Each structure stands twice: as C-alpha cells, then as structure tokens.
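A structural walkthrough
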Amino acid sequence: MSGTGMAAALPLPASRWRRWRHQYALAALGGAIVLGWMIVAVAARALAPYAPNAVDLTMRLLPMSAQHLLGTDELGRDVLSRMIFGARISLITGVVVVTVGAVIGTVLGGIAAYAGGLLEEAIMRLTDLVLCFPPIILALAIGAALGIGTTNTIIAMLVVWWPKFARLGRSLVLQQRSLEYVEAALVAGYGPSRILLRHIIPNAVGPLVVLVTLDVGNAIIIFAGRSFLGLGVVPPTAEWGSMISEGRELVAQWWVASFPGFAILSIVLGFNFLGDGVRDWLDPRSRRY
C-alpha cells in the first residue's frame, strides 16, 4: 500500500469513534443512570442505612452529616433511606404503566387497522375521546374518584396512557399490512390473528420500543405529580413526589425536597438519553450527527 493510501486509512478508526461518541455517548450515560437506579431499587433494603418510615423527633430537620448523609425531614426520618425506597415505587410504577399501556394500545390499534370497518371506527373514536382531555387532568379526575393508593393511581394512569400507543400501533400496522410478506402469509393460509400478532406487530415494534423508553420518564413525572398533590401513595410510604410535597415549605431545610427532586430529574434524563439512543440505533435516518 502506498503512503498516501495508508495516510487516508489511518483517520478512519478515530472518525468512527467520534461518530459513535456523538451518537451513543448520551445513550450510554442514560443507560448507566437507569441501571444504577434499578440496582438501588432492587437492593434498597441492603443499601438504606435506616428504615424509611422510622420516626425520631429528636433528630428532626438535621442537615447533612456523617450520621445522615442527606439530612432528615420534619419527622426525623432519614432522607437518603426514604429516597432509596422511593426508587422502588417510582420505577415500578413508570415501567408498569408504560408497558401495560403499550400492550393494550398496540393490540387495540392493530386490531382497528387490520379489521377496519365499524370496529376500527369504534376503537379510534374511543381513542380520540380519551385524547380530548389533558392526560394529567383526566388521570387526576379518575384517581380522585378511585381514591389514593398506588394501585388506583396505576389504574388511573393506564386509562389515559393507552391511546397514544393505539394511534401509533394503527399507523404502523396500516403501513406493514400492504407489504409483500403479509400477502405471502395470506397465500400460505394464515389467519388474520396469526398474521397480526406473529408477523405484523413484531415487524413494527421498533418505533414502539422507542416510545416506551421515552415515555417511562414521563410516567414517573406524572406519578410524582399526583403524589405531590396527595393523590398518589398512601402516607407514610416513601415516594419522591410525596417527599417533595412534605418539604415544599421548608425553605431553610432545602435538602428535604431538593434531593428527591434531583432523583426525579436524573431518572427522567436517563430514560430520555436512552430513548434517543435506541431511536438512533433502530432508525439511522433520525440520527442527529
């Protein structure tokens, strides 16, 4: 190889590394943040230095120290311990709401697209009806009717979460059903349900995975907002939104509300960075670099 050819070939690895770094460095950071919080949630009992609901009024509103790394709240409970246990509820709720909502919405949207006719009209008009209301307002109204509690909150959020996936699922199925492999499956004698569930939906799963990843952070924010308003978890359950609510008037004791707020910020950014990376990986045309 000539010297000119070698000189032209040498910069390629560095160039590829720079492209990878621009495209996936934030995704790797987001994945690390999400994985870190998942480990914290799973190992909460081992990591928390105190019981999350242990009240000690003699230790109330203490600043950060070696004994209480993130201070204590107005009831003397350790902020770090409550924040660690709060990760369990926030992560589980966000993942459950988005995953179940995605499954329900995708199946309904796929049925609407594949069946057509009156069934499609009924499903899509129901979808439009739910989408007419702001999600947070409708979730608050349903949650107020059901009562406070983690289960009731998940149900209320599921009611408003599936329509976006139904619309996306319908559009993806409409796009896929006109392709040649669907016609080949029909010729082979496969029934509509098998073609939809075994062929069309798996081939349209890419955009759905991206939306699921990006949406978990949004679900965590809405759940925290409901808890902040007193419509989420039942006190004294440790949850980030309720912790912020308990410390909202403690201006001098800023650590009571600030650290749970930083936790919400970090996990939402983590899922957003990860979702952007998944989108770039599944659809190279959407890459920003």
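Residues numbered from 1 in each chain as written. Predicted model: local features only at pLDDT ≥ 70, side-chain atom pairs only at ≥ 80, totals over all residues. Heavy atoms only, no water.

What follows deals with helix 10 (residues 205-228). Here helix 10 spans 34 Å end to end across 24 residues, near enough to the 34 Å set by a 1.5 Å rise per residue. Along helix 10, the helix axis deviates most sharply at Asp215, where the bend reaches about 30°. Following helix 10 by one or two positions, Gly230 has its phi on the positive side, about 85°. (Helix = DSSP H or I, 4+ residues; strand = E, 2+ residues; numbered from the N terminus. Expected span 1.5 Å × (residues − 1). Bend = angle between axes of the 7 residues up to and from the residue.)

Turning our attention to the nonpolar core. In this structure, Trp37, Met83, Trp161, Trp240 and Ile267 are the most contacted members of the largest nonpolar core, which totals 54 residues. Mapped by element, the contributors of at least two residues to this core are helix 2 (11-42), helix 4 (79-115), helix 6 (135-146), helix 7 (150-176), helix 10, helix 11 (240-246) and helix 12 (255-282). The residues touching Met83, leaving out its near neighbours within four places in the chain, are Leu70, Trp240, Met243, Phe259, Pro260 and Ala263. (Core = buried A, V, L, I, M, F, W, Y, C linked by side-chain atoms within 4.5 Å. Buried < 20%, exposed > 50% of the residue type's maximum accessible area, 1.4 Å probe, protein only. Contact = heavy atoms within 4.5 Å.)

Below, the discussion takes up a nonpolar patch on the surface. The grouping of Ile92, Val96, Val100 and Ile104 at the surface amounts to a nonpolar patch, some 290 Å² of accessible area in total. Relative to the assigned elements, Val100 resides in helix 4. (Patch = residues over 30% accessible without salt bridge, like charges linked within 9 Å, V, L, I, M, F, W, Y side chains within 5 Å. Areas by Shrake-Rupley, 256 points an atom, 1.4 Å probe, with all protein chains shown as cover. Salt bridge = Lys/Arg side-chain N within 4 Å of Asp/Glu carboxyl O.)

At a minimum axis distance of 11 Å, the contact between helix 7 and helix 10 shows a crossing angle of 155°. Of the possible angle classes, the one that applies to helix 7 and helix 10 is roughly antiparallel. Judged by the twist between their axes, the crossing of helix 7 over helix 10 is right-handed. Of the residues in helix 10, those in contact with Thr150, Thr153, Met157, Trp161, Lys164, Phe165, Leu168 and Leu172 of helix 7 are Pro207, Leu208, Leu211, Val212, Asp215, Asn218, Ala219, Ile222, Phe223 and Arg226. Each residue belonging to the contact of helix 7 with helix 10 can be placed in one class, and the counts come to twelve nonpolar, three polar and three charged. (Axes fitted to C-alpha atoms, helices over the stretch in contact; angles between N-to-C directions. Parallel < 35°, antiparallel > 145°, perpendicular 65-115°, else oblique. Left-handed = near helix turned anticlockwise from the far one by under 90°. Nonpolar A, V, L, I, M, F, W, Y, C, P; charged D, E, K, R; others polar.)

We now examine the packing of helix 10 against helix 12. Interaxial distance between helix 10 and helix 12 falls to 8 Å at its minimum, and their mutual angle equals 170°. Between helix 10 and helix 12, the angle is such that the two are roughly antiparallel. Across the interface between the two elements, Gly206, Val209, Val210, Thr213, Leu214, Val216, Gly217, Ile220, Ile221 and Ala224 of helix 10 pack against Ile264, Ile267, Val268, Phe271, Asn272, Leu274, Gly275, Asp276, Val278, Arg279 and Leu282 of helix 12.

Right, let's get into the layout of surface pockets. Within this model, the second largest pocket holds a volume of roughly 170 Å³. Along the wall of the second largest pocket there are eleven residues; nearest its centre are Ala102, Val103, Thr106, Val205 and Leu208. Elements with a minimum of two residues in the lining of the second largest pocket: helix 4 and helix 10. Classifying every residue of the lining of the second largest pocket by side-chain character gives eight nonpolar, three polar and no charged. (1 Å grid on protein atoms, 1.4 Å probe; cavity = no way out; pocket = protein on both sides within 12 Å on 5 of 7 lines; lining within 4 Å. Points joined across faces, edges and corners; volume = space filled by probe spheres on them.)

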